[in-house]
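Descriptive analysis of the structure
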Amino acid sequence: MATVDPAMSFVPRKRGRVLTYFRRHPTIVVGASLLAIMAAIAIAAPWLGTTDPQALAPRNRLKEPSALYWFGTDMLGRDVYSRVLYGARVSLMVGLSVAVLSTVLGLAIGLVSGYVRILDAIVMRIMDGLMSIPPVLLAIALMALTRASMENVILSITVSEIPRVSRLVRGVVLTLREQPFVEAAVATGTRLPAILLRHILPNTLAPLIVQATYICASAIITEAILSFIGAGTPPTIPSWGNIMAEGRALFQVAGYIILFPAIFLSITVLAVNLLGDGLRDALDPRLARRL
Amino acid sequence: MGFVAFFVFSLLYLTPGDPAAVIAGDQATVADIERIRERLGLDRPFLVQFGTWLWAVLHGDMGISIFTNLPVSEMIGQRIEPTVSLATVTIILAVSLAVPLGTLAAWRVGSWIDRLVMVIAVAGFSVPVFVVGYILIFAFALELEWLPVQGFTSPSEGFWPFLSHMIMPASALGLVYMALIARITRASVLEVLSQDYIRTARAKGLAEDKVLLGHALKNAAVPIVTIIGIGVALLIGGVVVTESVFAIPGLGRLTVDAILRRDYPIIQGVILLFSFVYVVLNLLIDISYTLLDPRIRY
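As a starting point, this report considers the structure included with it. (Residues numbered from 1 in each chain as written. Chains lettered and ligands numbered in written order. Predicted model: local features only at pLDDT ≥ 70, side-chain atom pairs only at ≥ 80, totals over all residues. Heavy atoms only, no water.)

A few points about the pattern of salt bridges
Residue and element names in this part refer to chain B. Tallying each qualifying case throughout the model produces 6 salt bridges over all chains. For Arg 199, the salt bridge goes to Asp 196, with nearest N and O atoms at 3.4 Å. In this pair, Arg 199 and Asp 196 both sit in helix 9 (residues 196-203), 3 residues apart, roughly one turn of the helix. Neither Arg 199 nor Asp 196 differs from the other in exposure class; each is exposed. For Asp 257, the salt bridge identified is with Arg 253, shortest N-O distance 3.2 Å. Linking Asp 257 with Arg 253, this pair stays in helix 12 (residues 251-261), spanning 4 residues, or about one helical turn. Accessibility expressed as a relative area gives 19% for Asp 257, which makes it buried. (Salt bridge = Lys/Arg side-chain N within 4 Å of Asp/Glu carboxyl O. Helix = DSSP H or I, 4+ residues; strand = E, 2+ residues; numbered from the N terminus. Buried < 20%, exposed > 50% of the residue type's maximum accessible area, 1.4 Å probe, protein only.)

Section: unusual backbone geometry
One non-glycine residue, Ala247(B), lies in positive phi territory at about 50°. Mapped onto the secondary structure, Ala247(B) falls in the loop between helix 11 (221-245) and helix 12.

Things to note about the interface of chain A and chain B
Taken together, the contact between chain A and chain B spans 42 residues of the former and 44 residues of the latter. Together, Leu137(A), Leu145(A) and Phe251(A) form the three largest contributors to the area buried by chain A at its contact with chain B, with a combined 17%. In this assembly, chain A and chain B are joined by 1 salt bridge. The residue Asp277(A) makes a salt bridge to Arg183(B) at a minimum N-O spacing of 3.5 Å. Taken together, the links from chain A to chain B amount to 2 residue pairs in polar contact (both at pLDDT 80 or more). For the side of chain A that touches chain B, the elements supplying multiple residues, two or more each, are helix 5 (117-131), helix 6 (135-145), helix 9 (192-228), helix 10 (240-248) and helix 11 (256-283) of chain A. (Contact = heavy atoms within 4.5 Å. Buried area = accessible area lost by both parts, 1.4 Å probe. Polar contact = N/O pair within 3.5 Å; in protein donor to acceptor, adjacent residues only side chain to side chain.)

In structure tokens form, the structure reads like this:
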């Protein structure tokens, strides 16, 4: 692994390099393919033999999995297979949005507070405060404050993830600002925004991409937890968390309602985590050796 | 902690809807609402309200539940035992399994035990608490019928009934925590094992177990203890879910019920309590560094 130059391996120029790269990092391939399958399922949900996930059919209540209802039906006669497939949309959407939003915002906060010392003291105290509330609890609190909707779920989880990202970025920035190339840039009279964007930012990207995948995984779990306890995605949108919440009362008679979303949820999170581990090994060999 | 209190108070303050109007009911006139608002002190400025509230909280008064009209501190007091027991059993279980596993994995890098630990670590991060919970219920309660499905028994009613209700929730809750600790233990012991003094210890003929426990683990302790403290955040998030899955009448259930009923004083109280415990625990751990590593001084 140490022989792979991160910059070269991330933008492979030749076909041969791509293959070597994949052989060296099998977890990236496995994780990415599983994730790609999930994304395909989410996008193609309407064409995969699903019916309307909200369609009620009181006569077909609690049917066991069969040829007609692959994953069975729930207590309102809704098709669990369709609901689980549409649920993939919520999870992936939340995971991706939270990863992107919290990375971008955390990056901005971390860059500025790592470089502008006056702001640092104030901003980091606020982040310390936010970090002293366990993230799931913080997301629950924010959801309790607002109306249940997917946007609010995304925002709540984002807010609870930002402190960790900005801490990470700030740490990297603090070591970078002492580097000779930054000193040289300062000496030649480069302005502050240019230093941050041209010299500091590119060097924070590798750990940040790795962090973003872990955030994505934890956001998917948090969304499921929020929906499971009734503080997340509204019941009108099927998500893995609220399908399981609805199956909770019936799990002794109709365990399949919980089983299928649980399998999908675990596979998705596993895929994202594998991708994250692989990217960490590839992009950040120093960190890889430590963990 | 001051920030947390401020944040939690703002949470209640920013809540949509006027509490005075809710309390007064549908028949109330504008004057009635105004009177109630005055009585509750809601007409005073934000910072004055915050000061009054903070003073009350510091005296153990966290307000009154909107739904049951009982003091929040009393409701928390009734529910605290199951949660504290669950958390304690989980921490003991996870630490007593994860630290030896992580150490063994580091001792025999690349062996089957190392791979097993890494698989547990990745799986532990990927399978959410409630999924593990339901798998355990299916296997050990419904199929094998070894353990009771759900519920909670106080330790005062006998040790085995208590433990039999605790094993499954604690395992489900502890898996992520265990994965985290095992991973850090492995990494940290691995780093120490490459040090010169380990080679010296082996060269002077010290038994391998003494090298591992007395030299390696002791020097690797600081990061392990740190992660045990930080990981409690995972536990607190997990408790809310685990108690729902296993129908344990603890603080997690209280939180979930409060969310469903929008009972803000309770949500406020529980978050404040959990954050307080988390902060104090991590402070204690910071202090414990001086015991683990005499070089650290404050």
